[in-house]
Amino acid sequence: IMSRGGTFKEYLRAFGSVADQDSEKTLDGLFFQTFGRTKYYFPLATLVLVSVVAMVIVLTRAGFDLGLPDLLSKQIHSLGLNVIAGLGGAFIWGTYDALRRYETIDLAPADLHYISLRLVLAPILAPMVTAAFTDSLQPVLAFGVGAFPVATLLNFIKGQARTKLNITGLSEPAEGPTLQYLQGITPTMLQRLKDSGFESVEHLAGADPIKMLLKTNIEWKVILDLMDQAILFGYVGEKIAKLRPLGIRGAIELATIQNSLESGEVQEAQRARNLVSYAAKVLEQDESAVLNMIVETYEDVQVNFLWSLWGDA
């Protein structure tokens, strides 16, 4: 990707420094910052340790004699079935998550830490979550607790603590979820973006596309398209869907109207003016506001950067 056209030069202009002139060294720095082999040692050791402890607990609770001290064995046997079901669910779903990420070449060291953390959190939360249900349903629901991402489990803990402690002074986020307004955001894609720290369109709009590619391993053109849509969403909000039938899916399509408006061909310029009028009507805005938005996107540094990358792609 970096070797295509002027991609590397444009990338340095937007996100690099004067010292970064060698594409090979720049890419090595970006890649090994996240995926260096040594960065896997500690999370792998942690995951092995937590997994061994989990398996010892499950096997001991199931009646296998592993030669543990009597006191420890009695403590394990005293654990409720919900705890074991939560632990089993966390192990199964953690393994599934690791295999899925391995298949998509998206298994970062932090993901291994999250699997370990899920193995710790799920058996603790399982009895709390299932307490209000009947005994027959509790093990099934406890097993399902392990399927939730760590962020969801932590949000549950914070919500319960806030309710029980009657804490009302904590401010809520000012902005709700917005990624769902972009085309191509399926539940799986949404989770991949959230796991990589992209929780709103604003995060995508100003992101470093190369680092995003390394963190998510989403197809390059898909990344450019999502970022392009995100920038346009920043201007028009939820009304972005109304512009799509006009052939305007992202900021780049909007910016190209400026070229047509300045065109020396009368028919092309007239078509552009008609498009501006229709867009203003659809957005319920004055034409001057739409023209200003077109100029802003046309001169926007990030839009021009994506525009050049898209051309090289």
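Residues numbered from 1 in each chain as written. Predicted model: local features only at pLDDT ≥ 70, side-chain atom pairs only at ≥ 80, totals over all residues. Heavy atoms only, no water.

Here we come to the overall build of the protein. When its secondary structure is counted, the protein shows 17 helices and zero strands. Summarising its shape, the C-alpha atoms of the protein cover approximately 90 × 45 × 35 Å along the three principal directions. Taken across its 313 residues, the protein has 36% of its residues classed as buried. By sequence separation, contacts in the protein at least 24 residues apart represent 62% of the contacts at least 6 residues apart. (Helix = DSSP H or I, 4+ residues; strand = E, 2+ residues; numbered from the N terminus. Buried < 20%, exposed > 50% of the residue type's maximum accessible area, 1.4 Å probe, protein only. Contact = heavy atoms within 4.5 Å.)

What follows deals with the confidence of the model for the protein. In the predicted model, the protein carries a mean pLDDT of 86, and 95% of its residues have values of at least 70. Element-level pLDDT for the protein is lowest in helix α8 (residues 150-164), with a mean of 77, against a maximum mean of 94 in helix α16 (residues 287-299). (pLDDT = per-residue confidence, 0-100.)

Attention now goes to the packing of helix α15 (residues 266-283) against α16. Two elements in contact, α15 and α16, have axes whose closest approach is 9 Å; the angle formed by their N-to-C orientations is 110°. One way to sum up the angle between α15 and α16 is to call them roughly perpendicular. Of the residues in α16, those touching α15 at Val-276, Ser-277, Ala-279, Ala-280 and Leu-283 are Glu-287, Val-290, Leu-291, Met-293 and Ile-294. (Axes fitted to C-alpha atoms, helices over the stretch in contact; angles between N-to-C directions. Parallel < 35°, antiparallel > 145°, perpendicular 65-115°, else oblique.)

Here Asp-106 shows up in the loop between α5 (81-103) and α6 (109-130). In this structure Asp-106 touches Arg-101, Asp-111, Arg-192, Lys-215, Thr-216 and Asn-217, once residues within four positions along its chain are discounted.

By the definition in use, this model includes four aromatic pairs. Here the aromatic rings of Trp-93 and Tyr-96 are separated by 6.0 Å at their centres, their planes lie at 85°, and the arrangement is edge-to-face. One end of the pair is Trp-93 and the other is Tyr-96, both in helix α5 and three residues apart, which spans about a single turn. The exposure class assigned to Trp-93 is partly exposed, which follows from its relative accessible area of 33%. (Phe/Tyr/Trp six-rings, centres within 6.5 Å; stacked < 30°, edge-to-face > 60°.)

Where α5 meets helix α7 (residues 138-145), the axes come as close as 6 Å, and the angle between the chain directions of the two elements is 35°. Our pair here, α5 against α7, has a crossing hand that is right-handed. Residue-level inspection shows Leu-81, Asn-82, Ala-85, Gly-86, Gly-88, Gly-89, Ile-92 and Trp-93 of α5 in contact with α7, the latter providing Gln-138, Pro-139, Ala-142 and Phe-143. Classifying every residue of the contact of α5 with α7 gives seven nonpolar, five polar and no charged. (Left-handed = near helix turned anticlockwise from the far one by under 90°. Nonpolar A, V, L, I, M, F, W, Y, C, P; charged D, E, K, R; others polar.)

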